[in-house]
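Observations on the three-dimensional arrangement
What follows is each chain in one-letter form.
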Amino acid sequence: MLFTSWEDMLEIHGKFNTTLKRKRKENPVIGDIGSLLLEIFDGETAENFKKVAAACCARQQIGLKALKERREKSPKLNAFLQEAEQDPVCRRLQIQDMIPMAMQRLTKYPLMFSKLCHCSDSTETEEYKSIQRALEMSKEILNSVNYSKKEAEDNQRLIEIQGRLDRSSLEKGILSLEKGVDKADINFINELRNLDLTTHKLMHEGPLHWRIKSSKQKSEVLQEVQLVLLNDMVVILLKQDDRFVLKNHTSSSYPGKSERVILRPVIKLNNLIIRANAAGLSKNNESR
């Protein structure tokens, strides 16, 4: 997790460093550097660089968090790492300072190539076009790494939520409800029992105030919940201590209905109706 593809990354950066040194050794005053940059930032080599960098950086923050937790629980491991970090080769840096350097280096390439473009005498030269191509590819590599990093962290977050998911209220909820529970509601609860968030893609997660009409009060109340927006559904959870409670909610009857209404915690996006103004009743504001 922490050292994925590090040997490949070292080989790529080492090759680039060696090429730069060889160029400077040939002549201290370097003329055309464009072709040299394209050896790394163009074609098949660049595509390989993109894949290796994405694999190397995607789960680094997840790994560092796990390492921190292990160090806190294991005095022996912590003592071993502290001793290793005293080695002069570490330059007084701890492991959590050294690991992100691979990502930091990638952010510097676009800045360096951009400055080289500004230093060029003309935008029509082959050198300028080569540097511009290297600049575009360095940005593409960085974007690919950022995307892979976000995807890995989102997946890890879903694993965490899934591991802390509490479904115990589903059984209690179905038994405590009065009439109005039909076969569709029971089938939906059975579907919730088998809900696996990790098979979906996380789009957004955050706190939300859910407006519910209370059966005990005539006015509406705001229920604080945790909303998890996936690629194909919205999941509404109650955050209690370190648990995420998945349960049906009930609301007092709406106009024209006598029974209490079940508010489901999972909303499929293909069945969702959206209004520009949630309080509006105009059909012109509705869209699927």
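Preceding this paragraph is the structure being described.
Residues numbered from 1 in each chain as written. Predicted model: local features only at pLDDT ≥ 70, side-chain atom pairs only at ≥ 80, totals over all residues. Heavy atoms only, no water.

1. Considerations on the overall build of the chain
Looking only at helices and strands, the chain has ten helices and ten strands in total. Out of the 288 residues in the chain, the part that is buried amounts to 34%. In the form shown here, the chain has an accessible surface area of approximately 18,800 Å², with 51% of it arising from carbon and sulfur atoms. (Helix = DSSP H or I, 4+ residues; strand = E, 2+ residues; numbered from the N terminus. Buried < 20%, exposed > 50% of the residue type's maximum accessible area, 1.4 Å probe, protein only. Areas by Shrake-Rupley, 256 points an atom, 1.4 Å probe, with all protein chains shown as cover.)

2. Remarks on the nonpolar core
By size, the foremost hydrophobic cluster in this structure holds 28 residues, and its most contacted members are Leu37, Phe41, Phe49, Leu106 and Phe113. Broken down by secondary-structure element, the contributors of at least two residues to this core are helix H1 (6-26), helix H2 (34-38), helix H3 (43-57), helix H7 (101-119) and helix H8 (126-163). Element by element, the count of residues in this core is highest for H8, at eight residues. When residues no more than four places from it in sequence are discounted, the contact partners of Leu37 are Phe16, Phe113, Leu116, Ile131 and Ala134. One finds Leu195, Leu197, Leu202 and Leu246 within the second-largest nonpolar core, a separate group that totals 18 residues. (Core = buried A, V, L, I, M, F, W, Y, C linked by side-chain atoms within 4.5 Å. Contact = heavy atoms within 4.5 Å.)

3. Structural notes on the packing of aromatic side chains
By the definition in use, this model includes seven aromatic pairs. Here the aromatic rings of Phe16 and Tyr109 are separated by 5.9 Å at their centres, their planes lie at 65°, and the arrangement is edge-to-face. With a gap of 93 residues between them, Phe16 in helix H1 and Tyr109 in helix H7 connect regions that are remote in the sequence. Assigned by exposure class, Phe16 and Tyr109 land together as buried. Among the aromatic residues, those joined into a ring-pair cluster are Phe16, Phe41, Phe49, Tyr109 and Phe113. (Phe/Tyr/Trp six-rings, centres within 6.5 Å; stacked < 30°, edge-to-face > 60°.)

4. Looking at unusual backbone geometry
Of note in this structure, Ser5 is not a glycine but carries a positive phi near 60°. Backbone geometry places Arg92, a non-glycine residue, at a positive phi of 65°. Position of Arg92 relative to the elements: it lies in the loop between helix H5 (75-85) and helix H6 (95-98). The exposure class assigned to Arg92 is exposed, which follows from its relative accessible area of 84%.

5. Details of the pattern of salt bridges
Counted according to the given criterion, the structure contains ten salt bridges. Across the salt bridge formed by Glu205 and Arg157, the nearest N and O atoms sit 2.8 Å from each other. Of the two residues, Glu205 is situated in strand E2 (residues 202-213) and Arg157 in helix H8; the sequence distance between them amounts to 48 residues. Judged by relative accessible area, which is 22%, Glu205 ranks as partly exposed. The partner of Arg243 in a salt bridge is Asp166, with the nearest N and O atoms 2.2 Å apart. Of the two residues, Arg243 is situated in strand E5 (residues 243-245) and Asp166 in strand E1 (residues 165-166); the sequence distance between them amounts to 77 residues. We classify Arg243 as partly exposed; its relative accessible area is 29%. Residue Asp166 is classed as buried on the basis of its relative accessible area, which comes to 14%. One salt-bridge network, in which partners are shared between bridges, spans Lys65, Arg157, Glu160 and Glu205. (Salt bridge = Lys/Arg side-chain N within 4 Å of Asp/Glu carboxyl O.)

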